[in-house]
Amino acid sequence: MQELDIKKYFNYDHTDEESIMARARMLKGKTIGYVEQHSPYEKKKINLKDKGNVGNFVQKNWFGIPVNNSPEPDFVEAGIELKGCPIAKLKTKGLQTDERTKIGLINYKELYKETWEASHVKNKINKILFVFYQNKKSKESIRDLKVLDVALWELSKQDRINIIRNDWKKAFNENFAGKSHLLTETLFQILSASTADCGKTINGVKYQVEQPNQKYSKYAKCRAFSFKWDFTNQFWLEHTKPNSFESITNSLDLSSSDNYESVLVNAISKYEGKTMGEIANMFNTSIPGGKAAVPSIIKLAI
């Protein structure tokens, strides 16, 4: 497919953050079929069987950015990565996502030589433009899916940036020690090393690649850095319902902590053995009804 001049054919400046976001906001409420119809490309038909193709289709046909496996962000000059994120309507929880956000494949040989600040993954996640779109139902055409919202996520503004960095360090340390074959998503809190469909089948095991330090094993399963689904989902909910969330980060100074969970547990442990009613009385408040009761009282306690 022939590349087109972005400023001429897509009417925005792909090197400027404000221009990119203005172009992105035009997507809200539009269908994927609308993107298909208004693409300047002649051959731009979307694969109706591949719902995972939606993000790439929008990237190519709405923003004019070629789809590739480059370690650089999609909008190179602006330092912004583009990610499509499907949002499903769950019966009891409303609109949420239940899918991880894949950042990029882990190159074990490159990771072996990296530092966090100069790492490929940090370069990818410094800024992420999320395009939240309606998830496909079984009999629904991809063309009918709507873009629900767009939002710019910035690593430097995250109150849990230390946790993200430490997740990267876990992957780096295991790789450096020759233990990439022992990586599992349970080791990570936010930025995980999820399994990926790549590599070769070796000794009956799929998607194997060589790791640089082969002290314990020559091969490790191919993996990709990904944001866990609940982290991306939290960002979606905070973006769409900002007044519904009370942050406990500042009150516990979690932004400066390397162990988010430990600080939370220590803060809550002093109320061990007390009932919700007793804790509520300590703060001279009543227990709210419904599912919000326990979370509301815990937020007061910490």
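Below, the structure is looked at part by part. The model shown is predicted, which means the values in this text are computed figures rather than measured ones. (Residues numbered from 1 in each chain as written. Predicted model: local features only at pLDDT ≥ 70, side-chain atom pairs only at ≥ 80, totals over all residues. Heavy atoms only, no water.)

### Describing the sheet that holds strand β6 (residues 191–195)
The three strands are arranged β3-β10-β6 in an open sheet whose pairing can be described as antiparallel. Each edge of the sheet is formed by a strand with only one pairing partner; in this case those strands are β3 (101–105) and β6. Recorded for the sheet is a direction-independent mean angle of 40° between the axes of neighbouring strands. Here β3 runs beside strand β10 (residues 223–227); their pairing, made up of four bridges, is antiparallel. Its bridge partner being in β10, leucine 105 is matched across the sheet by alanine 224. (Pairing = 2+ DSSP bridges. Helix = DSSP H or I, 4+ residues; strand = E, 2+ residues; numbered from the N terminus. Axes fitted to C-alpha atoms, helices over the stretch in contact; angles between N-to-C directions.)

### A look at the pairing of strand β8 (residues 205–210)
Here two bridges tie strand β7 (residues 200–202) to β8, and the two strands are oriented antiparallel to one another. Paired with isoleucine 202 across the bridge in β8 is valine 205. Hairpin connection of β7 to β8: two residues between the antiparallel strands, including asparagine 203 at a positive phi of 55°. Across three bridges, the pairing between β8 and strand β9 (residues 219–221) is antiparallel. Its bridge partner lying in β9, glutamine 208 is registered against lysine 221.

### Considering unusual backbone geometry
Of note, the phi angle at asparagine 11 is positive, near 60°, even though the residue is not glycine. In this fold, asparagine 11 is placed in the loop between α1 (6–9) and α2 (17–25). With a phi close to 55°, asparagine 203 is a non-glycine residue in the positive phi region. Within the secondary structure, asparagine 203 sits in the loop between β7 and β8.

### Description of the nonpolar core
Ranked by size, the top nonpolar core spans 32 residues in total, and within it Ile125, Trp153, Ile164 and Phe227 carry the most contacts. Take this core: its biggest share by element is five residues, from helix α7 (residues 161–176). For phenylalanine 227, the contacting residues outside a window of four places in its chain are Arg100, Thr101, Ile103, Ile125, Ile128, Trp153, Ile164, Ile190, Leu191 and Thr232. (Core = buried A, V, L, I, M, F, W, Y, C linked by side-chain atoms within 4.5 Å. Buried < 20%, exposed > 50% of the residue type's maximum accessible area, 1.4 Å probe, protein only. Contact = heavy atoms within 4.5 Å.)

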